[in-house]
Every structure is written in structure tokens, then in C-alpha cells.
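Chains, contacts and geometry: an overview
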Amino acid sequence: MVHWTDHERHAITTLWAKVNVEEVGAQALVRLLVVYPWTQRYFASFGNISNAAAIAGNAKVHAHGKTVLKSVGDAIAHMDDLSHAFTKLSKFHSETLHVDPDNFKHFGDCLSIVLAATFGTAYTPDVHAAWQKMIAVIISALSKQYH
Amino acid sequence: MTLSAHDKELVAKTWTKIAPKAAQIGGEALGRLIAVFPQTKTYFSHFADLSASSPQIKAHGAKVLGAIGQAVSGIDNVSASLSKLSELHAYNLRVDPANFKLLAHTLLVTLSAYLGAEFTPEVHLAWDKFLALVATVLSEKYR
């Protein structure tokens, strides 16, 4: 069970309400694949992701970015009991997708940077800190079922 | 992981854009560091004010980004450009190298907030690599 202050809850949910899930999700995933190119190993079925321009224009990348960010929304909805809520998703990442959990951190960093680009000065240090905590909680929940 | 000519070009171009606001950006990056990763405050116990708006933190952040600017000017030999700082970090400051990654992150977030869409994935990549190089050079003489 994570302890959230009212300030943190407010910072997270208020910003989330303004997030364009499709846009932010796509941008975050594009960044992951460009900035940490070894993550492309998980997306062999996506077609052309051989360079930054191809990645940015790839429809499958965009669609998957939206999927991932929808899950971030689910996480926020279950922020008081995330380990439990994400049991299946964690198992899926471990047993089916075989994703190295270090990659969760890379995606989290990309998401934080996209939020900064999107919201500019509204992404204050306080808001950034609350989101960093939310991201850390998501990473922990997603990594929990690995064995 | 080495910097390509393209990476160096992107880093230099960004620097030219942000140079007029370097002090502000540096101050904000360090402010974010202590807000987002509070354990880093342990290195600043000699600062009277460790709040987000601390003038000491802002001044120090400006100093740090200034040094990074030196590394940008000497990007073809960062090891030489930061040689003195490398010694300072190894023998005096002894900041745990894990923290260089944390500051790199808050600096990237600050750059992103200031540059918005101009902080493209490719610019982000170039800076991520460059800051990793700076971190390597700074920890070079640790042991």
C-alpha cells in the first residue's frame, strides 16, 4: 500500500485529466524507441522502425503508445492498490512478453519528458515529483510478478 | 556508446538556443533534482535553504550548467575539458555516480519544458548520450 498525500493525488489526477492519451502515449513510445534503440527488440512485428522518422510515422507504434498510456490511466485509477490491480499485467510482461524490467524505467523517463514538453511550466518540480512517484509505483507493480 | 557528428551538432545547436537562459535552466534542473529525488539533498547539507526556491540551489545549478556548457564547447574532448572537475568530484566532492543519472534526468525534463516540440526525440537522444559521457568523465578518477 502506497501512501499518497492529498497534494500528490491532486497533482497526478489534475494533470491526467488534461492528457491526450493518444498523443502523449504515441510520443512517449516514439521516444523510447529512438532514445533507447535496444528496446526495438520487443517490436519486431511493427514493420519499419529503423530510424527516427520511420518510428515517428509508424501507425503501430502510435497505436501501441495509446494502449500503454491507457494502462497508465488504469494505474492512476487504482493508485491505492496497484500491486494487486496489476498482477495480471505484471505476469503478462514477465511470462509472455519477456520484457526486461529495466525498460520500464526508460519508458517512465520518456513519459516524464513528454509531459514536460506538453505542459511546460505547469509541469512544476512538485508536479514532476508526484508523477515520478506514480511512475515508480507503476514500475514496482509491473515488476512484482517477475521470478 | 559514442557521440556521432550529428549528436554533437544537435547538442551544440540546443546550447546556442538555451545559452541566454542557462542560469535559469541550471537553477531549475537542480531545484527539480532535490524535489524529485530528495535523497540528493544530503549533498547540500551546508546550504541553509533547501527549499525549491532556494537561491543557493539556483546559484549552484547555474554553476553546474555553466560547466556543462564548457563541455559543450570542448565536445570533441570532454575528458580534457572537464579534467579539473573530474578530480574535484573524485577526491573532494565524492558524489555517488548514481546521482549523475538523476541530474541528467532533471536537466532533460527542464530542457523539454523550455523547448517543447523543439526538444525532439533526436535532440533528446543526443543530450542523453552527451550527459552520460559527462557523467563518465566526472567519475573517471573515482577508483
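Residues numbered from 1 in each chain as written. Chains lettered and ligands numbered in written order. Predicted model: local features only at pLDDT ≥ 70, side-chain atom pairs only at ≥ 80, totals over all residues. Heavy atoms only, no water.

Let's shift gears to helix 6 (residues 87-96) of chain A. Residue and element names in this part refer to chain A. Those residues of helix 6 that fall on the buried side of the exposure criterion are Ser90, His93 and Ser94. Here the buried residues of helix 6 occupy an arc of 90° about the axis, which is enough to place them on one side. Looking at the residues trailing helix 6, positive phi occurs at His98, about 50°. (Buried < 20%, exposed > 50% of the residue type's maximum accessible area, 1.4 Å probe, protein only. Helix = DSSP H or I, 4+ residues; strand = E, 2+ residues; numbered from the N terminus. Arc of directions from axis to C-beta.)

What follows concerns the environment of Asp76(B). Residue and element names in this part refer to chain B. With respect to the helices and strands, the residue Asp76 is situated in the loop between helix 3 (55-73) and helix 4 (78-81). Placed 44 residues apart in sequence, Asp76 and Arg32 show a C-alpha to C-alpha distance of 29 Å. Side-chain polar atoms of Asp76 contact the side chain of Lys8, separated by 2.8 Å. (Polar contact = N/O pair within 3.5 Å; in protein donor to acceptor, adjacent residues only side chain to side chain.)

In this complex, chain B contributes 19 residues to the contact, which on the side of chain A involves 20 residues. Both faces considered, chain B and chain A share a buried interface measuring about 1700 Å² in area, 68% of it formed by carbon and sulfur atoms. On the chain B side of the contact with chain A, Arg32(B), His105(B) and His124(B) bury the most area, a combined 30% of that side's loss. On the surface where chain B and chain A come into contact, there are 0 salt bridges. Our enumeration of links across chain B and chain A arrives at 8 residue pairs in polar contact (both at pLDDT 80 or more). Listed by contribution, the elements that provide at least two residues to the side of chain B that touches chain A are helix 2 (22-36), helix 6 (98-115) and helix 7 (121-139) of chain B. For the side of chain B that touches chain A, the element with the highest residue contribution is helix 6 of chain B, accounting for 6 residues. Along the lines of polarity and charge, the residues of the side of chain B that touches chain A split into 10 nonpolar, 6 polar and 3 charged. (Contact = heavy atoms within 4.5 Å. Buried area = accessible area lost by both parts, 1.4 Å probe. Salt bridge = Lys/Arg side-chain N within 4 Å of Asp/Glu carboxyl O. Nonpolar A, V, L, I, M, F, W, Y, C, P; charged D, E, K, R; others polar.)

Applying the stated criterion across every chain, the model contains 7 aromatic pairs over all chains. Residues Phe100(B) and Tyr142(B) carry aromatic rings whose centres are separated by 6.5 Å and whose planes lie at 85° to one another, so their mutual orientation is edge-to-face. With Phe100(B) in helix 6 and Tyr142(B) in the segment after helix 7, this pair connects stretches of sequence that are 42 residues apart. Given the relative accessible area of 14%, Phe100(B) is considered buried. Seen from the ring of Tyr42(A), Arg41(A) lies directly overhead, with NZ or CZ sitting 5.0 Å from the centre. Geometry around Trp4(A) places Lys133(A) over its ring, the cationic atom sitting 5.0 Å from the centre. (Phe/Tyr/Trp six-rings, centres within 6.5 Å; stacked < 30°, edge-to-face > 60°. Lys NZ or Arg CZ within 6 Å of the ring centre and 35° of its normal.)

Let us now look at the layout of surface pockets. A volume near 1000 Å³ is recorded for the largest pocket. Lining the largest pocket are 45 residues, with Tyr36(A), His106(A), Lys101(B), Asp128(B) and Ala132(B) positioned closest to its centre. Only helix 2 (21-35), helix 3 (52-57), helix 7 (102-119) and helix 8 (125-143) of chain A together with helix 1 (5-18), helix 6 and helix 7 of chain B provide two or more residues apiece to the lining of the largest pocket. No other element matches helix 7 of chain B, which puts 10 residues into the lining of the largest pocket. Of the residues contributing to the lining of the largest pocket, the split by class is 27 nonpolar, 10 polar and 8 charged. (1 Å grid on protein atoms, 1.4 Å probe; cavity = no way out; pocket = protein on both sides within 12 Å on 5 of 7 lines; lining within 4 Å. Points joined across faces, edges and corners; volume = space filled by probe spheres on them.)

All names here are of chain B. Relative to the elements of secondary structure, Ser54 occurs in the loop between helix 2 and helix 3. Judged by its relative accessible area of 0%, Ser54 falls in the buried class. At 3.2 Å, the side chain of Ser54 and the backbone nitrogen of Gln56 are in polar contact. A polar atom in the side chain of Ser54 sits 3.1 Å from the backbone nitrogen of Ile57.

Moving on, we get to the UniProt feature "domain: Globin" (unreviewed entry) in chain A. Here, UniProt's "domain: Globin" (unreviewed entry) annotation points to residues 3-147 of chain A. The span residues 3-147 of chain A is 72% helical and 0% strand by assignment, and the distance between its end C-alpha atoms comes to 26 Å. (UniProt positions renumbered as here; feature names shortened; annotations may be inferred.)

Even without a glycine there, the phi angle at His98(A) is positive, about 50°. In this structure, His98(A) sits in the loop between helix 6 and helix 7. For His98(A), a relative accessible area of 53% corresponds to the exposed category. A positive phi is found at Arg94(B), a non-glycine position, where the angle reads about 45°.

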